[in-house]
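# Close look at the chain arrangement
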Amino acid sequence: WAFQAFKFLIVAWITMLAMTAKLGQTLTQMSWVPGDSSLVGLAQLSGEGNPARLSAAVTAVFRVYLTLATAGACIVFAVNGGFVSAWVGSGRFAGPVVNGMLASMVVVGSVVHGLATISSVLGRRLQVGLATLLSGLVQLTLAFVLGRRFGLMGVPLAAICAQGLVLIPMLLPSLKDRAGVGTRHLLRDVFRPWAGRSLPVIAVCAVAGPALNALPFWIVIPIGGVIGLAYVWVARGLILDYAPVADLLRKRVARFPAA
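Residues numbered from 1 in each chain as written. Predicted model: local features only at pLDDT ≥ 70, side-chain atom pairs only at ≥ 80, totals over all residues. Heavy atoms only, no water.

Where helix H4 (residues 96–121) meets helix H6 (residues 154–179), the closest approach of the two axes is 9 Å, and the angle between their N-to-C directions is 20°. Between H4 and H6, the crossing angle belongs to the class labelled roughly parallel. In this structure, the crossing between H4 and H6 has a hand that is left-handed. Here the contact of H4 with H6 is composed, by residue class, of 19 nonpolar, six polar and no charged. (Axes fitted to C-alpha atoms, helices over the stretch in contact; angles between N-to-C directions. Helix = DSSP H or I, 4+ residues; strand = E, 2+ residues; numbered from the N terminus. Parallel < 35°, antiparallel > 145°, perpendicular 65-115°, else oblique. Left-handed = near helix turned anticlockwise from the far one by under 90°. Nonpolar A, V, L, I, M, F, W, Y, C, P; charged D, E, K, R; others polar.)

Attention shifts here to the packing of aromatic side chains. Each pair of aromatic rings is reported with the distance of its centres and the angle of its planes. In total, this model carries two aromatic pairs according to the counting rule given. When the centroid spacing of 5.5 Å and the interplanar angle of 35° are considered together, the rings of Phe83 and Trp87 count as tilted. With Phe83 and Trp87 both in helix H3 (residues 51–88), this residue pair falls four residues apart, about one helical turn. Relative accessible area serves as the criterion here: at 14%, Phe83 is assigned to the buried category. Taking relative accessible area as the criterion, Trp87 reaches 39% and is therefore assigned partly exposed. Put simply, the rings of Phe83, Trp87 and Phe217 touch in pairs and so form one group of aromatic residues. A cation over an aromatic ring shows up here: Arg236 above the ring of Trp233, its NZ or CZ 3.8 Å from the ring centre. (Phe/Tyr/Trp six-rings, centres within 6.5 Å; stacked < 30°, edge-to-face > 60°. Buried < 20%, exposed > 50% of the residue type's maximum accessible area, 1.4 Å probe, protein only. Lys NZ or Arg CZ within 6 Å of the ring centre and 35° of its normal.)

Time to look at the pattern of salt bridges. If you walk through the whole model with that rule in mind, you get four salt bridges. In this structure, the salt-bridge partner of Glu48 is Arg53, at a minimum N-O distance of 2.9 Å. We note a salt bridge from Asp189 to Arg188, for which the minimum N-O separation is 2.9 Å. For Asp189, a relative accessible area of 16% corresponds to the buried category. Among the residues examined, Arg188 registers a relative accessible area of 42% and is labelled partly exposed. (Salt bridge = Lys/Arg side-chain N within 4 Å of Asp/Glu carboxyl O.)

Following both chains from N to C, one finds helix H2 (residues 39–48) and H3 inclined at 165°, their axes separated by 9 Å at the closest point. Relative to H3, the element H2 is oriented roughly antiparallel. Of the two elements, H2 crosses H3, and the hand of that crossing is left-handed. Across from Leu39, Leu42, Leu45, Ser46 and Glu48 in H2, the residues of H3 making contact are Arg53, Leu54, Ala57, Val58, Val61 and Tyr65. Looking at the contact of H2 with H3 residue by residue, the classes come out as eight nonpolar, one polar and two charged. (Contact = heavy atoms within 4.5 Å.)

Below, the discussion takes up the nonpolar core. Most often, soluble globular proteins have nonpolar side chains that are buried together. Leu42, Val58, Leu115, Ile118 and Leu175 are the most contacted members of the largest nonpolar core, which has 55 residues in total. At the level of secondary structure, the elements contributing two or more residues to this core comprise helix H1 (2–36), H2, H3, H4, helix H5 (125–150), H6, helix H7 (183–212) and helix H8 (217–234). The greatest single-element share of this core, amounting to 18 residues, is contributed by H3. Leaving out residues up to four positions away in the same chain, Leu42 has contacts with Leu54, Ala57, Val58, Val61, Ile118 and Leu122. In this structure, Leu17, Ala94, Leu102 and Leu152 belong to the second largest nonpolar core, which totals seven residues. (Core = buried A, V, L, I, M, F, W, Y, C linked by side-chain atoms within 4.5 Å.)

Rendered as structure tokens:
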């Protein structure tokens, strides 16, 4: 009897986690598309032998990854509870704590994706593969340990710990070696400006999320879209104000004759 009850609990947890994570997984994949489209260009820049230009391009691509991923995270924080409740019922929503971890995973996973894909196309595929394998083993172990200790929330917590504390530190040296973009560079030119624009918006979305859970499906979806677009507008300076991108835009605009 106890074993059957345990199996039922595990199946319920898996279903709940899968339903709650679905929106975040979809938005994560969508947020990677623009950045991934630049990878061929980064590989070509790497062959030019111009480290300063390559470093600026990599930084700009990271800003794109992070901006779009944060837009997705804001949507998950704000409307995922209402989305899951309207989609499969409130009993399949894993709660605000797990939802917050899954929203955080949209950002953390996008940082990892940026580090891994850029390092790979610049010639560090073996190092990326080994780091990913080790991180996967750590995540599996932590998911078992933390799942037993904290229940359902231990699974996304294990993913955040494995990727944030193991995979990211292992990938940073490859990026610095191939593109000249190290930890200090990322903190100064990517994460510090991102935090100033993004953390207040994330906090508002996290607080507003529980209040939006009861909204009907046909309202939740448009609100999610508006929140994502509003964040992109607030954070547009992360891309447009970055000096290399701003200079490029000025040159493009200058080609058109004045009215």
